[in-house]
Amino acid sequence: MADQPDLVAEATTDPELACPTSAVVDIVFSRWTTPILWTLNMHGRQRFVELQRRIGTITPKVLTQRLRQLERDGMVVRTYHPEVPPRVEYEISELGRSLAPLFAHLAEWSAGNLDKVEQARHDYDTDPPR
């Protein structure tokens, strides 16, 4: 246990040690990752253009970057069909699908609490200067 002070000091300077979920948050909750995974989970296998249409405001460049990262992280499976014209489809992997309960809890939390967040913001913004 002589190393314990070193671990405490390291945990206070290294965010990943201080919060072991930070790596998961980086993977799953980046700006566009959640809508991509949500869409693939809800609508199944999608071609690039279908996925882009369902998400709406994402640019092709960003969608390409996020899909590549999600494929690398094992959250999305990319299937290339060598036909003319070539066809590529994306689907959520089993690993990605394992996040569904987490998303369900977040959706439930959102439904029950976002109005409270908005009220807190309103109260904060209308209070006298701090």
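Residues numbered from 1 in each chain as written. Predicted model: local features only at pLDDT ≥ 70, side-chain atom pairs only at ≥ 80, totals over all residues. Heavy atoms only, no water.

- As annotated in an unreviewed UniProt entry, the chain carries the name Winged helix-turn-helix transcriptional regulator and comes from Streptomyces cellulosae.

### Regarding the overall build of the chain
Right, on to step 1. Broken down by element type, the chain carries eight helices and three strands.
Right, on to step 2. Each helix (α) and strand (β) of the chain, taken in turn from the N terminus, gives the series α-α-α-α-β-α-α-β-β-α-α.
Right, on to step 3. In the chain, which comprises 130 residues, the share counted as buried stands at 23%.
Right, on to step 4. Residue pairs in contact within the chain that sit at least 24 positions apart in sequence constitute 43% of those at least 6 positions apart. (Helix = DSSP H or I, 4+ residues; strand = E, 2+ residues; numbered from the N terminus. Buried < 20%, exposed > 50% of the residue type's maximum accessible area, 1.4 Å probe, protein only. Contact = heavy atoms within 4.5 Å.)

### Some words on the pattern of salt bridges
Right, on to step 1. Scanning the entire structure with this criterion turns up six salt bridges.
Right, on to step 2. The residue R45 makes a salt bridge to E89 at a minimum N-O spacing of 3.8 Å. Of this pair, R45 sits in the loop between α4 (33–43) and β1 (46–47) while E89 sits in strand β3 (residues 87–92), and the two are 44 residues apart along the sequence.
Right, on to step 3. Assessed through its relative accessible area of 47%, R45 is described here as partly exposed.
Right, on to step 4. R87 is the partner of E83 in a salt bridge, and the nearest nitrogen-oxygen pair spans 3.0 Å.
Right, on to step 5. Residue E83 is classed as partly exposed on the basis of its relative accessible area of 37%.
Right, on to step 6. Taken together, the salt bridges that share partners define one network made up of R45, E83, R87, E89 and E91. (Salt bridge = Lys/Arg side-chain N within 4 Å of Asp/Glu carboxyl O.)

### Here's the deal with the packing of aromatic side chains
Right, on to step 1. According to the stated counting rule, one finds two aromatic pairs in the structure shown.
Right, on to step 2. Taking 6.3 Å as the distance between ring centres and 90° as the angle between the ring planes, the aromatic pair formed by F29 and F103 counts as edge-to-face. Of this pair, F29 sits in the loop between α3 (22–28) and α4 while F103 sits in helix α8 (residues 100–126), placing them 74 residues apart in sequence.
Right, on to step 3. For the pair W38 and F103, a centre-to-centre distance of 6.2 Å together with 65° between the ring planes defines the contact as edge-to-face. Taken together, the residues W38 in helix α4 and F103 in helix α8 connect sequence positions 65 residues apart. (Phe/Tyr/Trp six-rings, centres within 6.5 Å; stacked < 30°, edge-to-face > 60°.)

### Brief notes about the pairing of β3
Right, on to step 1. Note that β1 and β3 share two bridges and pair antiparallel. Across the sheet, R47 pairs through a bridge with E89, a residue of β3.
Right, on to step 2. Where strand β2 (residues 76–81) hands over to β3, the hairpin turn is made up of five residues, counted between the paired strands. (Pairing = 2+ DSSP bridges.)

### A few points about the packing of α4 against α8
Right, on to step 1. Where α4 meets α8, the axes come as close as 11 Å, and the angle between the chain directions of the two elements is 110°. The pairing of α4 with α8 is recorded here as roughly perpendicular in orientation. Within the contact between the two elements, α4 uses T34, L37, W38 and N41 and α8 uses A100, F103 and A107.
Right, on to step 2. Broken down by class, the residue content of the contact of α4 with α8 amounts to five nonpolar, two polar and no charged. (Axes fitted to C-alpha atoms, helices over the stretch in contact; angles between N-to-C directions. Parallel < 35°, antiparallel > 145°, perpendicular 65-115°, else oblique. Nonpolar A, V, L, I, M, F, W, Y, C, P; charged D, E, K, R; others polar.)

### Description of helix α6 (residues 60–72)
Right, on to step 1. With 13 residues, α6 should reach 18 Å at 1.5 Å per residue; the first-to-last C-alpha distance of 18 Å fits that figure.
Right, on to step 2. Looking at α6, one finds that the buried residues are L63, R66, L67 and L70. Around the axis of α6, the buried residues are gathered within 100° of arc, so they sit on the same side. Those residues of α6 that are exposed and aimed more than 90 degrees away from the buried face are K61, R68 and R72.
Right, on to step 3. Those residues of α6 hidden inside the fold are in contact with α3, α4, α5 (48–55), β2 and β3. (Expected span 1.5 Å × (residues − 1). Arc of directions from axis to C-beta.)

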